[in-house]
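# Fold and contact review
Residues per chain, in single letters:
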Amino acid sequence: MTRQGRTFITAGILIALIWQAPAGAQQFINGLAQPVFSTTNLVTHNVWIEVPNLDTDRDGINDRIRIQVRRPAVTETGVRLPIVMTASPYSGGQLPFPTYDITGQLYEPASVDANGLDLRVPPTPPPTPPAGTNPPYTGTTPPIPVLPASAYQSYFLPRGFVFVEAQNLGTGMSTGCPTIGGVEESLAMKAVIDWFNGIGNGWDANGNPVTAYWTTGATTMIGTSYDGTLPIAAASTGVAGLKAIVPVAGVSSYYDHRRSYGVVINSNPTVGTDADTLFDNILSRRFPEVCKYMRDQITTNMDRTTGDWNAWWEERDYTRYVGNFHAAVLISHGLNDLNVKPRHFFRLWEALKANDVPRKIWLNTGGHGDNANSGSRQAAWRDELNRFWSQYLFGVDNNWTGGPRAAVQRSSTVWTDYDDWPVPGATPTTFNLVPMGSNGSGQMGVDDRHPDHLLESFTDNSAIDATVLVQAAQSPNRLIYKSNLLTAPVHISGMIGVKLRLAFAQPSATVSAILVQYNANGTSTIICRGWADPQNRYSISQTYAVTPGVPYDIEFTLQPHDYIFPAGTRIGLAVMSSDRLFTLRPPAGRQLTLDAVSSSLTLPVVGGGAAFVAASVPVPNAPSGLAASVSPTGVALTWTDNADSENAFEVERSSDGATFTTLATLAANTTTYADPGAVSGTRFYRVRASNTGGGDSAASNTVLIGDLDGSGALECADLAIVRASFGKRAGQSGFDPRADLNGSGVVDVTDLALMTRLLPAGTQCR
Amino acid sequence: MKLHSYRFLLAALVATCVAASPSTASATPVVSLQPVSSTIAAGDPLTIAVQITGAVDLFAFQFDVLFDPLALSATGPSTEGPFLATGGSTFFIPGVEDNTTGAILGTANSLFGLSGVSGNGTLALLNFVGVPNASRSRTTALTLANLLLLDSNLAPIAATELGANVTVNTVPEPATLLLLGSGLTFAWRRRGRGSRAL
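The rules behind each value
- Throughout this document, residue positions are counted from 1 along each chain, in the order its sequence is written.
- In the order they appear in the text, chains get letters beginning with A and ligands get numbers beginning with 1.
- Totals for whole chains, interfaces and linings use every residue, but because this is a predicted model, local features are given only for residues with pLDDT of at least 70 and side-chain atom pairs only at 80 or more, for both listing and counting.
- Every helix listed is a DSSP run of H or I at least four residues long, and every strand listed is a run of E at least two residues long, numbered separately from the N terminus.
- Any residue with 12 or fewer other C-beta atoms within 10 Å of its own C-beta is exposed, any with 20 or more is buried, and the rest are partly exposed; the C-beta atoms used are placed from the backbone.
- Two residues form a contact once the distance between their C-beta atoms, set from the backbone, is within 7 Å.
- Pairs of strands are assigned from DSSP output, requiring at least two bridges between the strands.
- The angle between two axes is taken between their N-to-C directions and runs from 0 to 180 degrees, where each axis is a line fitted to C-alpha atoms and a helix contributes only its stretch in contact.
- By the definition adopted for this analysis, an angle is roughly parallel if under 35 degrees, roughly antiparallel if over 145, roughly perpendicular if from 65 to 115, and oblique otherwise.
- Residues are grouped as follows: Ala, Val, Leu, Ile, Met, Phe, Trp, Tyr, Cys and Pro are nonpolar; Asp, Glu, Lys and Arg are charged; all remaining types, including Gly, are polar.
- The quantity called pLDDT is the predictor's confidence in a given residue, expressed from 0 to 100.

## Regarding the overall build of chain A
Secondary structure summary: chain A contains 14 helices and 36 strands in total. Of all 766 residues assigned to chain A, the portion counted as buried reaches 51%. Taking the contacts inside chain A whose residues are at least 6 apart along the sequence as the reference set, 73% of them involve residues at least 24 apart.

Shown next, in the form of structure tokens:
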């Protein structure tokens, strides 16, 4: 048989198989639904579904959710198929998105109790109008726009899934009012799913009752952003018909979207927006004026003044309701999502774990969007969805929950599967901070705390972007602490936390912490960020006044992450006040003082501290026993080398004991240095061991030339020591080696003159 | 001419030469003890000045003075001369008297600050007393030792050192004077009697 003939026969067999497949008979291969359904002659129709006992637009009738159904024609022949639903507040069109002016002063309590607790009484939201305030509206007034098809429709509809587009309360042709994540929106979704399962009422555009005879009722919800939030909202009701959800970049708690530890934060790129302006953005229903009261209630309840958590935000924390879930969950989220930030997937994931909900998670390196459904992994993502939905909507036992639970993108083409997330072995690892006493950069590592509580101050300047502040070699507007150079990758996976002991010169300020990768070429990359209001240091739901000058421990988490710091980089922590893109922008000038030694960063290092140590160049041990002798031609320093990993020693000198400058960089194993030139005035010296990769050791003991009595200052008592030993030789009774400044073995006029030169002209000592 | 007379002339000559010379950086300063020669009675006090001539940028100095403890006794403390203090405040160490070996050890002074002084003047004043119980007149040399001058860079300054002589005469007791008078009278009488016999 010729090749042409074989091809002909094969094609014929395939055509026959498809032709002979009975209508509605789903086919599965390796647990995946196959594209056996015709997409021609789709049945498309609209239904308005009643939300029982809910009248948010106060028109005297229950709110109705408009859905648009697209289903294979075969469903008109008795075949019932499961549903893929996307619910959106956006499909009716987006209106202008107002923004708040985010400049101006920060909130400071006007009156507090003895403990500093803010006594402010929150304003009362406007009342809900009586039912029937507005004329009845059913949402069916023509024209009825056709809603665009889901990005997944062309792939999954042939595989036997009905596609439903639902419009959120108060949007498009639905009635009611948006509540920005309120329980009303959850109940609206529940009502739709219940209707799929024969519960509740639905009408067509002509007001005729209709039923969902074409579906099995098994429903999944998928969507991105707000569309990815409504699946979580629906699942939180425990609605039985919802078998699976795929929240993509979904909100798990609206507080995390708009606030962070009491800080009013921006949802990039929509800087200055808030829950109420989002309401304005999505209120696309007809006769929107009926929802004005709801907008006013949101404005009051969201409390942009204090940023505190309250009952309104609590209602919008879906993680509290995960125990109700009947739906399995497949999360997809961008690790660099600056809008719906990674904290959302983290908290939802932790709640799913706690409630043993069947789950998987895909984390991509992108920002806000459905990033898994594009690029190199798109086919795998669709297979994942297919397997997921085939199991939970068709009941195919394809062991979806078996195998790795987590897939994490590493590059545009590389994804890595893990048994769970955070990646097993990720261990909270505390990095202690080493102050530098300047606005350059200090160090951090997993070794012991630095002994000196050197306080470091910085000044807020909200006009400067954080990307500039983390990159600057010197800046008075932030503090930076860097790890040793990494010689091997360091993987972090999970939640990142900081504890910062800060004092504030003013009674209000924002605290921002930023995890940074410092690259070998001198550039920097922000990995993730976190923000906290020191007024919420005890509770996110209560404001306490900040007393200037009093140090407080401010503990908070940054956005969680899964990231591998490559070899050749350093891990950095930047501490600043305003984070221009994400926080309010008060006038510049607020001063904050950090006790770095009492502060720390906690990273979820895979393998823990040992993995970090193994992957990083060690910090050399600090030199000790620094001693100085002074002669007419200079100062001679000696010290003990305690390091075995140093590349160099750095000799530092200071005239005030606070600000040191590097005087010389010496070769490894050096233990002496001569600082040439006549010596006069106050001179402090200290020495560090340094390693190009590991950074600088802590400083040695500090020597003040001429401070013979160790008082820390040059004074007549030091001269008295010279006088008491004057003329004495080493070994002779009365010889005091401290007085022999030049180490000549005798205390003579050279020592005396060296000492008097160190003291200021005009000094009177007797 | 007696030995102490030669020394006096030499010191005067050197002092005259130094005084006549301008104070230049190349000149060698002279540190001397003044007066170069003196005679005191046992038990009398004596102050010796340590003088410098031709000093250039003098910042600090140190010296010892040696003497015969059978002739002199240092009564200390030494006091600071006015010369160095013309450059500002100073820190003066008077030294330690050792009347067993005959020395004042470790007299020193230093300016504060960064600049020295130039010219002539007194560095220090040393206080002595003639040893009262000396059995006979005694002359002692006073010499400088361990002299060290430093300029404002704390570099040593070479200098010529000149010492001094002090003679301490004994003072007769009253009984001694009586015996002496009796002796003289007896001798005069013996002389007169002898002349008559011739």
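## A look at the overall build of chain B
Regarding its fold elements, chain B presents two helices and 13 strands. Among the 198 residues that make up chain B, the fraction classed as buried is 35%. Across chain B, the fraction of contacts at a sequence separation of at least 24, relative to all contacts at a separation of at least 6, is 79%.

## Here's the deal with the sheet that holds strand E30 (residues 634-640) of chain A
All names here are of chain A. Read across the sheet, three strands follow the order E29-E30-E33 without closing on themselves; strand pairing throughout is antiparallel. Edge positions in the open sheet fall to strand E29 (624-631) and strand E33 (672-676), since each of these has one partner strand only. On average, adjacent strands in this sheet sit at an angle of 15° to one another, irrespective of strand direction. Pairing analysis gives six bridges linking E29 to E30, with the strands arranged antiparallel. Pairing of Val630 across the sheet is with Val635, part of E30.

## Examining unusual backbone geometry
Keep in mind that most residues, glycine aside, have a negative phi and that most peptide bonds are trans. Residues and elements named next belong to chain A. Looking along the chain, the bond that leaves Pro142 and enters Pro143 is cis, with omega of 0°. Mapped onto the fold, Pro143 is located in the loop between strand E5 (81-88) and helix H2 (153-156). The phi dihedral of Ser225 falls on the positive side, at around 70°, and the residue is not glycine. For Ser225, the position within the fold is in the loop between strand E8 (215-224) and helix H4 (226-236). In the Ramachandran plot, Asp356 falls in the positive-phi region, its phi being about 55° despite a non-glycine side chain. Looking at Asp356, the number of C-beta atoms within 10 Å reads 8, which means it is exposed.

## Digging into the packing of helix H3 (residues 183-196) of chain A against H4 of chain A
All names here are of chain A. Two elements in contact, H3 and H4, have axes whose closest approach is 8 Å; the angle formed by their N-to-C orientations is 80°. Relative to H4, H3 is oriented roughly perpendicular. Residues Glu185, Ser186, Met189, Lys190 and Ile193 of H3 touch H4, and the partners they reach there are Leu230, Ala233, Ala234 and Ser236. Considered class by class, the residues forming the contact of H3 with H4 number five nonpolar, two polar and two charged.

## Observations concerning the interface of chain A and chain B
With 22 residues of chain A at the contact, the number on the chain B side is 21 residues. Within the side of chain A that touches chain B, the residues separate by chemical class into 12 nonpolar, seven polar and three charged.

## A look at the pairing of strand E17 (residues 442-445) of chain A
Residue and element names in this part refer to chain A. Here E17 shows no split at all, with Gly442 and Met444 on one side and Gln443 and Gly445 on the other all buried. Where strand E16 (residues 426-434) meets E17, three bridges bridge the pair, whose relative direction is antiparallel. Bridge pairing links Asn432 to Gly445 in E17. Pairing of E17 with strand E19 (residues 479-482), which is carried by two bridges, proceeds in the parallel orientation. Residue pairing in the sheet places Gln443 in a bridge with Lys482 of E19.

## Observations concerning the sheet that holds E5 of chain A
Residue and element names in this part refer to chain A. Taken in spatial order, the 11 strands make up an open sheet running E7-E3-E4-E6-E5-E8-E9-E12-E13-E14-E15, and their pairing is mixed. Both outer strands of the open sheet, strand E7 (202-203) and strand E15 (415-418), are each paired with one neighbouring strand and no more. Across six bridges, the pairing between E8 and strand E9 (residues 242-248) is parallel. Paired with Thr224 across the strands is Val248, a residue of E9. Together, strand E12 (328-334) and strand E13 (359-364) form the strand contacts of helix H9 (residues 343-354), whose direction differs from that of E12 by roughly 160°.

## A word on the environment of Asn53 of chain A
Mapped onto the secondary structure, Asn53 of chain A falls in the loop between strand E3 (43-50) and strand E4 (64-71). A sequence separation of 134 residues divides Asn53 of chain A from Leu187 of chain A, and the C-alpha atoms of the two residues are 9.6 Å apart.

## Concerning H4 of chain A
Residues and elements named next belong to chain A. Most of H4 sits inside the fold, with 11 of its 11 residues counted as buried. Within the sequence span of H4, burial applies to Tyr226, Asp227, Gly228, Thr229, Leu230, Pro231, Ile232, Ala233, Ala234, Ala235 and Ser236. Tucked inside the fold, the buried residues of H4 contact E5, H3, E8, E9 and H9.

## Observations regarding the packing of helix H6 (residues 275-282) of chain A against helix H7 (residues 292-301) of chain A
Residue and element names in this part refer to chain A. Running from amino to carboxyl end, H6 crosses H7 at an angle of 155°, the nearest separation of the two axes being 8 Å. Comparing their axes, H7 and H6 come out roughly antiparallel. Between H6, through Ala275, Asp276 and Phe279, and H7, the contact on the second element is made entirely by Arg295, Ile298 and Thr299. Residues belonging to the contact of H6 with H7 are distributed by class as follows: three nonpolar, one polar and two charged.

## Some thoughts on the confidence of the model for chain B
Residues and elements named next belong to chain B. In the predicted model, chain B carries a mean pLDDT of 80, and the fraction of residues at 70 or more is 71%. Here residues 175-180 scores under 50 on pLDDT; set against residues more than four positions off or in separate chains, the count is one contact. Predicted confidence for residues 190-198 stays below pLDDT 50, and this span has zero contacts to residues more than four positions away or in other chains. In the model output, the complex is listed with pTM 0.70 alongside ipTM 0.79.

## Observations regarding the confidence of the model for chain A
For residues with low pLDDT, the predicted coordinates do not support detailed interpretation. Summarising the model, chain A shows a mean pLDDT of 93, and 95% of its residues fall at 70 or more. Scored below 50 in pLDDT, residues 1-23 of chain A makes five contacts in the model with residues more than four places away or belonging to other chains.

## Side note on the environment of Ala42 of chain B
All names here are of chain B. Structurally, Ala42 is set in the loop between strand E2 (37-41) and strand E3 (45-66). With 20 C-beta atoms counted inside 10 Å, the residue Ala42 sits in the buried group. Along the primary structure Ala42 and Val129 are separated by 87 residues, whereas in three dimensions their C-alpha atoms are 7.3 Å apart.

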